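Listed here are the chains, written in short residue letters.
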Amino acid sequence: MDADLVIRDVTVVSTRDGSLQAHQDVAISGDRIISVGPASPDGVPSGARAVDAGGTYLVPGFNDMHAHMFSRPGSGGDPSETFDLMLAHGVTGFRQMSGSARMLRQRADGTLMPERAPRLLAMPGSVLTPFNAGTAQAAVATVRRQRDDGADFIKAALVTSEAFYAAQAEARRLGIPILGHLPNGIDVARASGEGIRSVEHLGPGATLLACCSTEQDAVRDKLAARSGPKLPPLKFSFLEPVLDRVLAKVVVNPANMSRQPDIDILAQVTASFDQDAVGPIAQRFVADGTWQVPTLIRSRTTQRCDDPEWDSQPGLRYMAPSTLQTWRKAAAKFAKFPASSRQTFRTVYATMSHLACLLDAAGVRMLAGSDSGGAAWEVPGIALHQEFDELAKAGLPPLRILQMTTWDAADFLGATDVMGTVDAGKHADLVLLDANPVESAGHLHQIAGVVRAGHYYSPADLDAIKDSIAASQSVS
Ligand SMILES: [Zn+2]
């Protein structure tokens, strides 16, 4: 097999232990790495493109393990710019967290993804909500239908605990993973024991925090009383797009939907947060193989939505004016909460950040995800880098953060044979960095080149992609 591309004289970073192999040549043919070995003085085989990468560090491409990439508001349904923005920031793969029967069909037909895009790693059908899983029976029927439609997993969101347990039992029976949010009133240990594959956003809300409270029993009763709304089932699947638009409005900032009793519960669980109570639930997650995807950047943009810093992010130049308007509206609405409520939200964010660090230290498996694509103030691609910073600020070591977006993502997907490290046989989805990412997570931002499916993008190429996206926003 002849190489098409050779990355020359690079330092390869092991995502397993953080060790470095200096002066390596990495040869790529098509979309695969074919060899990794000591830099050859004989140069590059004829016909292959050589990239002189001396002084840089090579890691697998980053994976955003919680993203909603087909739903960016204001994009007119065309996700190409979103995908370009991700690639330009080294995001070569993503786990799509919401789908539909139509998207699953398009994927099967090969018409879902544009040619230049990160790798779509996994995708569910429509998320479970009161519309398609309002009762236990409806939840079971929806799980069956989505499995038949070709979903890779079932994503639970806003459902009652009865619907949740029923969906979980059916998913287990069919052998399809189920994961997502832990609804109010759920027994977290039971959901973990019954096989929820990953918990998203550390809850969200108060469910997981309630397990880490000195007032667990009292909070649990209150949460059970706040369980999700009961709505009639959505009988016609052609209404799914309408529903998606309704959900998109909620998704911009779910905290804006909070009622006073919800905020009171959040105040109680954060005030009674007990570091020592984290141990038992963390051990449970470890024993059950339950993963966590903390999406701390989502917690921060949600719970601190009115922080002025968001509106001065340089990355806003990539977003459509209509999107910025939606985000500003959400921030203005959030700012109207009384000061005491806003303080509670801030404390929720700080507690989630602390919890992520404690869970990691206890050995709970975790993934890096941004929740971008609909969430206020989250620019696709950039938001994953902000998540790296959030995880670092929470106290996770740089190597762990690198792993959460590379090796752990591969392991979670059962795909370590084709991704997760820089080795022969793996996908040629790679990022070159100007500095060692094991020394500082901040070095993950210093991108000196991206390879996606064997295609090399120089820093100049990446800048051109970014500039063209920014330019298209100012004329739209
Ligand atoms: Zn999400």
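Residues numbered from 1 in each chain as written. Predicted model: local features only at pLDDT ≥ 70, side-chain atom pairs only at ≥ 80, totals over all residues. Heavy atoms only, no water.

### Quick look at the pattern of salt bridges
Pairs can form between side chains of opposite charge once their charged atoms are near each other. This structure, assessed with the given rule, holds 27 salt bridges. In this structure, R298 and D371 form a salt bridge, with 2.7 Å as the shortest nitrogen-oxygen distance. Note that R298 is positioned in helix α12 (residues 296-303) and D371 in the loop between α14 (339-361) and α15 (382-394), a separation of 73 residues in sequence. For the residue pair R298 and D371, the accessibility class agrees, reading buried in each case. E390 is paired through a salt bridge with R300; the nearest N and O atoms lie 2.5 Å apart. One end of the pair, E390, is in helix α15; the other, R300, is in helix α12, with 90 residues separating them in the sequence. (Salt bridge = Lys/Arg side-chain N within 4 Å of Asp/Glu carboxyl O. Helix = DSSP H or I, 4+ residues; strand = E, 2+ residues; numbered from the N terminus. Buried < 20%, exposed > 50% of the residue type's maximum accessible area, 1.4 Å probe, protein only.)

### Observations concerning the coordination of the zinc ion
Protein coordination at the zinc ion comes from H66 (NE2), H68 (NE2) and D371 (OD), with a distance range of 2.0 to 2.3 Å. Positions of the donor residues of the zinc ion along the chain correspond to the pattern H-x1-H-x302-D. Neither H66 nor H68 differs from the other in exposure class; each is buried. (Donors = N, O, S within 2.8 Å, 3.2 Å for Na, K, Ca; no water.)

### Observations regarding the nonpolar core
Counting residues in each nonpolar core, the largest one holds 108 residues, and the members touching the most others are F62, W327, L355 and L359. Residue contributions to this core peak at seven residues, all from α14. With residues up to four places along the chain from it excluded, the contact list for L355 reads L202, L208, L209, C212, F273 and V278. (Core = buried A, V, L, I, M, F, W, Y, C linked by side-chain atoms within 4.5 Å. Contact = heavy atoms within 4.5 Å.)

### Quick word on the pairing of strand β3 (residues 32-38)
Regular strands show a simple pattern: their side chains alternate between the two faces of the sheet. Here six bridges tie strand β2 (residues 20-29) to β3, and the two strands are oriented antiparallel to one another. Bridging from a neighbouring strand, D25 pairs with G37 of β3. Between β2 and β3, which pair antiparallel in sequence order, lie two residues; one of them, G30, sits at a positive phi of approximately 60°. (Pairing = 2+ DSSP bridges.)

### With respect to the packing of helix α10 (residues 260-271) against α14
Between α10 and α14, whose axes approach to 9 Å, the crossing angle comes to 45°. Judged by the angle between their axes, α10 and α14 are oblique. Here α10 and α14 pass one another in a crossing that is left-handed. Contact residues: α10 offers Q260, I263, L266, A267 and T270, while α14 offers S341, T344, F345, T347, V348 and T351. For the contact of α10 with α14, a count of residues per class yields five nonpolar, six polar and no charged. (Axes fitted to C-alpha atoms, helices over the stretch in contact; angles between N-to-C directions. Parallel < 35°, antiparallel > 145°, perpendicular 65-115°, else oblique. Left-handed = near helix turned anticlockwise from the far one by under 90°. Nonpolar A, V, L, I, M, F, W, Y, C, P; charged D, E, K, R; others polar.)

### Concerning the sheet that holds strand β11 (residues 196-200)
One open sheet holds the four strands; their spatial order is β9-β10-β11-β12, and the pairing between them is parallel. Strand pairing shows two members of the sheet lacking a second neighbour, β9 (154-156) and β12 (291-293), which therefore form its edges. Within this sheet the neighbouring strands show an average axis-to-axis angle of 25°, counted without direction. Sitting on the sheet, helix α5 (residues 161-174) touches β9, β10 (178-180) and β11, and the angle it makes with β10 is about 140°.

### Points about the side chain of D408
Among the structural elements, D408 can be located in helix α17 (residues 407-412). Excluding residues within four positions of it along the chain, D408 makes contact with W291, R365, M366, L367, R400 and Q403.

### Digging into unusual backbone geometry
Put simply, G203 and P204 share a cis peptide bond, and its omega is -10°. For P204, the position within the fold is in the loop between β11 and α7 (207-211). Look at H23: it is not a glycine, yet its phi comes out positive at around 55°. The class for H23 is exposed, based on a relative accessible area of 52%. Here the phi dihedral of L202 falls at roughly 50°; this positive angle occurs in a residue that is not glycine. By relative accessible area, which is 0% here, L202 ends up buried.

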